[in-house]
Structures are given as structure tokens and as C-alpha cells.
Amino acid sequence: MKAKHSLLIAALVLIVLYVGDEQRWFRQVPASAQGPGPQVECEKLRHHGDPAATACYQRLSRSNDPLTKAEGLWGLRDYDGANLAFRAAVKLTPKDGSRRVRWGRMYLDHWQVGDAQDLFKEALDLNENDAQAMLGMALALSESFDGEAVKFAERALKADPTLAEAREVIARIRLEDNNPEKAVEEAKQALQISPEALQAMAILATVEMMDEKPATEWTDKIFKINPTYGEAYETMAHFFVINRRYDEGIALYRKALDVKPTLWSARAELGVNLMRFGKEDEARQNLEACYTNGYKPPLVVNSLTLLDSYKNFETYTTPTTILKVHKKEAALLRPYFQAELDRAVATYEKKYKFKLDGPVQVEVYPDHEDFAVRTMGMPGLGALGVTFGKVVAMDSPNGRKPGDFHWAATMWHELSHVYVLTMTDSRTPRWFTEGLAVYEETAISPDWGDRMTPREIKAIKEKALLPIADLDRGYIHPSYPEQVIVSYYQGGRVLTYIIEKWGFDAVLGMIQGFKEKKDTVQVIKEVLKVTPEEFDAQFFPWLEAQTKKTVDGFNDWTKQVKIVNENAKNKDWTAVITEGTAIRDIYPDYVEAGSVYEFLAQAYLAKEDKTNAIAQLEGYAAHGGRNPTTLKQLADLQAAAGNKRAAAAAIEKVNLIFPKDETAHQKLGGWYMDLGNPLAAIREFGAVLGSGTIDQAGAHYNLANALHAAKQNDKALEEVYLSLEAAPAYKPAQKLLLELSPQ
């Protein structure tokens, strides 16, 4: 998936919106793990799949004691009633943290993770050593792939070593981190505490299944304890899905529902994953069943809304591609997206020496919330693009602030995933697929890839980067807020280093190794002929040498750039040039708002030195600057200087960032006509029309003129008629009509 610097908060928000929809694994745990209370006997019955559990909860629900009543109503899935009863129970004994913990656990069961965390925090305020409250926090944080979950689980175990469920939490997280050995160790410790720890068994079964083993030892034990425990297969499905082995995940969700048809969380996930692969009718059936039966988390509600919106999309197919674009922007975006899609497919087919066995599909969403629904629940989400098999979903550039992201780089990034995951049957570790995709952005064009930001500078300076054998953890369970972004950067640099030292054939060799089900350690040893530790010992000095000037000079650069900014405000242009020139190359990658390149260009223009102003803006563009206004300023200066070819190239950069710019398309079309490239001009004047221009007569005329220059006179004539239809007295169109009309 594609991660971008400005979107970390959005990514975390999306993941939090998802919580509760996939990881329902804590719903049936041994009563001993829940702590003493009126529900213990009922929980035992439920844990064993005994239908008498319902009658047990019904008895509790009729109690006059609010806590007992709350437990009974919760067990019957009457969440509203249980919520009122828990509120009354807490009001009776406000200093009893255990009641808040049970209330919080109910909120977890009802996909209200934020409310649950608040209650766990309140319980910890009452007793900082409350093991059950710490366990609750671990459960809540684990749902959003928060690296702090392990710390809370470990604290819970320190307070109460008998908490098998805390061991299960850690086991699950270790497996999400692609560390099956530690996952197995933790799961077995959970079973030592409680021989009936069903989730621990499910984790052990998952490890075996992902290693192509039957796992019957564990599934037999699970279903002997509880023959209706569909959650076991649901857990397995979760791991296959987050490892992008979607077909196997879907099959496991189906098995979960065969065992327990009322496992609505599994049915919702089945529906979402079917939707991801275009099986929309069956997806809708499952999602509507969830909704009808009262299972209405955001995942279900928003997915049904998204399905309803599909009627608003246009679909374009070629033998190798499927492009889905919203009707309101299809005319504008299709030519650009189709061209890049075709170019990427042709490039990767040759580069990876692999031909896909079917078309790749790209879906472009102008509403970011629709895209968010499409990608909910995926760890390490960057909120710009995501890949499901041969399906890529991504944001439309028109749905974002101009310059927010480079849509072409995002597409190429995701299409790299399509090839690598298909070639390896989705058995590559995340660091490799993401690192290679980040590398590919810059490989296609040096200015496309992400720059080194202050976050990466800080991580390098503090030696906070992860060893290669542990790099997956940075994407899935970050230990600090910026670690996902830093891991994308590190992954890209790792692949760059590998390719520089061993060549691209080494990458192909690693892909083959992962296809053969080898792990990171094995692949590095066999392909690169070094141990992971030896690799780290070579890579980190290489990276530090490359970044040394920026890392060492960053603090001084930060102070000096503020001075440059103040000088610009005061219009002290000589000082701007002196200070700016001195510090620009300390941190040449900085092309965000207030870049030194822009300050210098402003100063040179104030001194009427357009040559140097152009040079600064060209440096800005070459280092990946993405502000459309700045790039258009560069284009105008280049055109005025007589270099329309360079000006056209600058606007082409804008097209790959924010194509909804009528004026830019108009200028570019004119420059291409002057440069004798009518085919490119046709595309640009078509984009003017696709932008919804007010000047329909002029736009159709310009398109007709370009078509005429390209000797496509029949099409040119059609455009002339449309121009005159919009403005019958439009003289340029009348004149062109005479030229085009048969004599």
C-alpha cells in the first residue's frame, strides 16, 4: 500500500473506524479469564458452545441487581439494555473499577472501541494495577494495530500471570508481525495457563495452515471443546487476508459461517472481501444479512452505501486492463489514467519477466470516504491506494487538495504490488513488497518518489530504524506514530541498496525465494549470500553516508530557513539569496511549503533575474516539488524565455499531480500545437472540455483545430459543429468550417 507523509493521521482514523468489525476473537474466552462475576457460569456454557447459555443469560437479565442484569442483557446481545444497566451498576459503586472494565468489554463487543478505552482508562485511574483493565486496553489497541497493545498485555500479565487471554493477545500480535515462532511460543504459554484457550489454539492452527500444513491437531481440539466455534476459522481468515492471501481468507470465512451461521463479524468480512474482488451480488447478500440482523458497524453500513454508489462509475476495458472512473470525472481523467496504466503494465511485464493471467483493474474514487471503505482494516494503511489481488483501489486526485499526492506514482506503486504478489502467491513479507513499490516510484522518474522528511531524519539520527529481519513490525504494529511512514522510507532505501549492490536480478531471485515459501532470513542468506545481521551492518553505514549532510546539518538548516522566511517577508531579497543559497543544498529534498527553492525564485524575480529564478524552480521540480501553482509558474517563465518544450514538461508534471486545471490544459494544448505535436494537443483540449469549461465554443474549436492538424478531419468537423452550436456567430469556427467542408 501507498503511504504518504501528510496522511498518517487520516490512516490511523480509518483503521480506528474499522475496529470491531474483523477481530471479534475476544468474544468467547474462558470464564476464568473474565474475572469473578454473575456471568461466570453462563460464560462457561458459551465457551463450550452449549445452547443452555441462552437460558442462563435470560435468567441473569431478569435480575434486580443492575450488574447481573447488564451481564445477562449483554450475553443476549441486547446492547442498548446492557448499556443502561451497566451505567446504573457503575453509578451504585463508582469506585469499583471492575464494573467499568466489564462495561468496556461490552463496548468492545459492540465495535465501540473509543468508549471502551475511556472506561478502561477510568478503571486504571481507580487502580493502576488493575490487570483486567490493562487487558482491556491491550485488546482495544490491538484492534487498531497499535504497538502499545503488547505493553499493556505484558503489564496485565505482570499484575496477574494467570491471564491466558493476555498471552493470546501477544500471540496474535506476534503473528501479525510475521513472527510465527514467537506467536507459537506465546500461544503455548496461554495453553499452559488454560488448556481450553481457544484463541491460542486458533493461532497455532493458523501458523500451521499458513505453512501449508493441515492444522487438524488444533482444529480437532477446538471443536471438541466447542463444536460451534466458528471464530477459529475467522481468526485464521484474518491472518490470510492481512497477508493478502485473499482467496484462502475468503474460503476460511465461509468455513467459519458453516460452523456458526450467526457469526456476523465473519459474514461482514466475507462480504467486504467478496466486494473487493467484484463479486458484488454475493457481497451485498452477506452485508444485508448482517444489517438486517442488527450487526451494523461502520464497515457494514459504509460498504452497503459504497455498493449503491457503483452505478455512478464508468468502466473501460482493454485486453489487459479494466479502469473504473466516476462519471463526473471520467472524461477528464480517463486519457491520463489509461495511458499510465498501459505504460506500467508494459514496463512491469518486461521488468519482472512475468505476464498476468488476466486484466488488472484500477478503481478511482473521487470521494475519499468511499476509498476508505474499500480499504478498511488493512494494517499500515497509507490512505492513497491499496491492492487486492489484481484490483487496485485509489483516491482520485480531484478529491484531494491540489498537490496533496502524486496519483501516477500511487498507481505505479500499487501495480508493482499486483505483479509481485501474483508472482509469489502473496507470500512476500510486507517490507519487501512495500520497499520495492517505493523504489519503483523513483525508478520510473526520479522526481516521483517520496522525499526524506524530518521524520526520517530524526529516525536515522536516533538510530531508530529496524533491522531487516524485524522490519515488517514497523508497518503493522508501529511503536511510535511516525513509524509506518519511516518504514516505507526504509523499505525503499533497502531495495535501492540491494539493487545498487546486487542488481535487479537479485530482486527477481528474492521474489522466487518468497514464492518458494522461504522467509526473510532464508531469502537474504540464499540470494544475497549474507546473514540479516551482516546485511544490516552494510546497509546502515551506506544509508548514513548518503544522508549524513542532511542529518548532521538539519538543526542548523531549520534555524536558517526561518531566517530566510523572515527576510522574504521583509523583502530583503539580497539576504534571501545569500542565506538561501548557503543552506539549500544541506536539505535539498525539502520541497514542501516554504521551500528554499521557492524563496530563492521569489528573490531572483524581485531582482528581475528570471534565468536564476527558472533555475531554482527547476531544482524544485527535479526534487519532487508538487505544488501545482509553483510548477505552473515555472512553465510560464520557461515559455516566456522561449523554451516551450520545457514549459510543456512542467505542465505534464502538473497533470500527474492535479489534472483538474482548465487553464493549464489550455496553455499546454497551445504549446503542443506550436511544437508540432497535435496528438498531444488533442488530449489537452479534450481535457479542457472534460474539466467542464464555460467556454464551450472556444474549447470545441481548439479541439477541432488540433484534430485538423492531425488530419482527423471527420472528427474535426464534428467539433466545429459543436462549437457553432454553442456560439453560432463564432467566427474562428465558421472559418474552420469552410476549410473542412467539401468543395
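Everything below is about the structure shown above.
Note that the structure is a prediction, hence the values are computed from the model and not measured.

Could you clarify how one ought to interpret the pattern of salt bridges in this entry?
Close approach of charged atoms allows side chains of opposite charge to pair. If you walk through the whole model with that rule in mind, you get 42 salt bridges. Two residues, Glu122 and Arg100, come together in a salt bridge whose shortest N-O distance is 2.7 Å. In this pair, Glu122 is assigned in helix α8 (residues 113–126) and Arg100 in helix α7 (residues 97–109), connecting sequence segments 22 residues apart. Exposure remark for Arg100: the relative accessible area of 14% places this residue in the buried category. Salt bridges sharing partners connect three or more residues here, namely Glu212, Arg245, Glu248, Arg427 and Lys517.

How should I be thinking about helix α14 (residues 216–225) in this particular structure?
Side chains of residues three or four places apart in an α-helix project in the same direction, reflecting 3.6 residues per turn. Turning to α14, its buried residues number three or more, namely Trp218, Thr219, Ile222 and Ile225. Buried positions in α14, seen along its axis, are confined to an arc of 130° and lie on one side of it. Away from its buried face by more than 90 degrees, α14 exposes Asp220 and Lys224. Looking at the buried side of α14, the elements it contacts are α3 (40–47), α12 (180–193), α13 (198–210) and α15 (231–242).

How should the nonpolar core be read in this particular structure?
Soluble globular proteins: nonpolar side chains tend toward being buried together. If you look at the biggest cluster of nonpolar residues, it comprises 94 residues, and the most contacted ones within it are Tyr352, Leu415, Trp431, Phe432 and Phe535. Ignoring any residue separated from it by four or fewer positions in sequence, one finds Trp431 in contact with Ile468, Leu471, Asp472, Tyr475, Gly491, Val494, Leu495, Met510, Phe514 and Thr520.

I would appreciate a short explanation of the state of the cysteines in the present structure.
Linking two cysteines covalently through their sulfur atoms gives a disulfide. Under the definition given, this model contains one disulfide. A disulfide bridge connects Cys42 with Cys56, and the sulfur atoms are separated by 1.9 Å. Here Cys42 and Cys56 share a disulfide; its torsion about the S-S bond, -80°, makes the bridge left-handed. Here the residue Cys42 occupies a position in helix α3, and Cys56 occupies one in helix α4 (residues 52–61), the gap between them amounting to 14 residues. The class for Cys42 is buried, based on a relative accessible area of 1%.

Would you take a moment to explain the environment of Lys324 for this structure?
Positionally, Lys324 belongs in strand β3 (residues 321–326). For the pair formed by Lys324 and Tyr352, sequence separation is 28 residues and the distance between their alpha carbons is 25 Å. Aside from chain neighbours lying at most four places away, what touches Lys324 is Glu280, Tyr310, Phe313, Glu314, Thr315, Gln361, Val362, Glu363 and Val364.

I'm lost on the packing of helix α11 (residues 164–176) against α15 in this one. Help?
Angle between the axes and distance between the axes are the two parameters that describe a pair of packed helices. Running from N to C, α11 and α15 point in directions that differ by 25°, and their axes come no closer than 10 Å. Taken together, α11 and α15 sit at an angle that is classed as roughly parallel. Considering the relative orientation of α11 and α15, their crossing is right-handed. For the pair α11 and α15, contact is made by Arg172, Leu175 and Glu176 and by Thr235, His238, Phe239 and Ile242, respectively. Tallied by class, residues from the contact of α11 with α15 come to three nonpolar, two polar and two charged.

Help me understand the pairing of β3, please; the structure alone is not making it clear to me.
Where a strand is regular, its side chains alternate between the two sheet faces. β3 sits mainly inside the fold: six of its six residues count as buried. Side chains Thr321, Leu323 and Val325 of β3 all project onto a buried face; the interleaved residues Ile322, Lys324 and His326 project onto the opposite face, where all are buried too. Sheet topology note: the strand β2 (residues 313–317)/β3 ladder contains five bridges and is antiparallel. Along β3, the bridge assignment pairs Glu314 with Val325. Taking the residues between adjacent antiparallel strands as the criterion, β2 and β3 are bridged by three residues. One crossover worth recording links β3 to the parallel strand β4 (residues 360–365) by way of helix α20 (residues 330–351), and it is left-handed.

Sorry, what's going on with the packing of helix α24 (residues 454–461) against helix α26 (residues 483–502) here?
The contact between α24 and α26 brings their axes to 9 Å, and the two run at 80°. Viewed along their axes, α24 and α26 adopt a mutual orientation that is roughly perpendicular. Residue-level contacts link Arg455, Glu456, Ala459 and Ile460 of α24 to Ile485, Val486 and Tyr489 of α26. Split into classes, the residues belonging to the contact of α24 with α26 amount to five nonpolar, no polar and two charged.

What's the story with the pairing of β4 in this structure? I'm lost.
Most of β4 sits out of view: six of its six residues are buried. Side-chain alternation along β4 places Val360, Val362 and Val364 on one buried face and Gln361, Glu363 and Tyr365 on a second face that is also buried. Pairing of β3 with β4 involves five bridges; the strand directions are parallel. Its bridge partner being in β4, Thr321 is matched across the sheet by Val360. Here five bridges tie β4 to strand β6 (residues 391–395), and the two strands are oriented parallel to one another. Across the sheet, the residue bridging to Val364 is Met394, located in β6.

Sorry if this is basic, but what is going on with the packing of aromatic side chains here?
Each pair of aromatic rings is reported with the distance of its centres and the angle of its planes. Scanning all chains against the criterion turns up 32 aromatic pairs. Among the aromatic residues, those joined into a cluster by ring pairs are Tyr348, Tyr352, Trp412, Tyr419, Trp448 and Phe504. A cation sits over an aromatic face here: Lys296 above Tyr291, 4.5 Å from the ring centre. The ring of Tyr310 has Lys324 sitting right over it, with the charged end atom 4.5 Å from the ring centre.

Criteria and thresholds
Residues numbered from 1 in each chain as written. Predicted model: local features only at pLDDT ≥ 70, side-chain atom pairs only at ≥ 80, totals over all residues. Heavy atoms only, no water. Salt bridge = Lys/Arg side-chain N within 4 Å of Asp/Glu carboxyl O. Helix = DSSP H or I, 4+ residues; strand = E, 2+ residues; numbered from the N terminus. Buried < 20%, exposed > 50% of the residue type's maximum accessible area, 1.4 Å probe, protein only. Arc of directions from axis to C-beta. Contact = heavy atoms within 4.5 Å. Core = buried A, V, L, I, M, F, W, Y, C linked by side-chain atoms within 4.5 Å. Disulfide = S-S within 2.5 Å. Axes fitted to C-alpha atoms, helices over the stretch in contact; angles between N-to-C directions. Parallel < 35°, antiparallel > 145°, perpendicular 65-115°, else oblique. Left-handed = near helix turned anticlockwise from the far one by under 90°. Nonpolar A, V, L, I, M, F, W, Y, C, P; charged D, E, K, R; others polar. Pairing = 2+ DSSP bridges. Right-handed = clockwise from strand over helix to strand, strands pointing away. Phe/Tyr/Trp six-rings, centres within 6.5 Å; stacked < 30°, edge-to-face > 60°. Lys NZ or Arg CZ within 6 Å of the ring centre and 35° of its normal.

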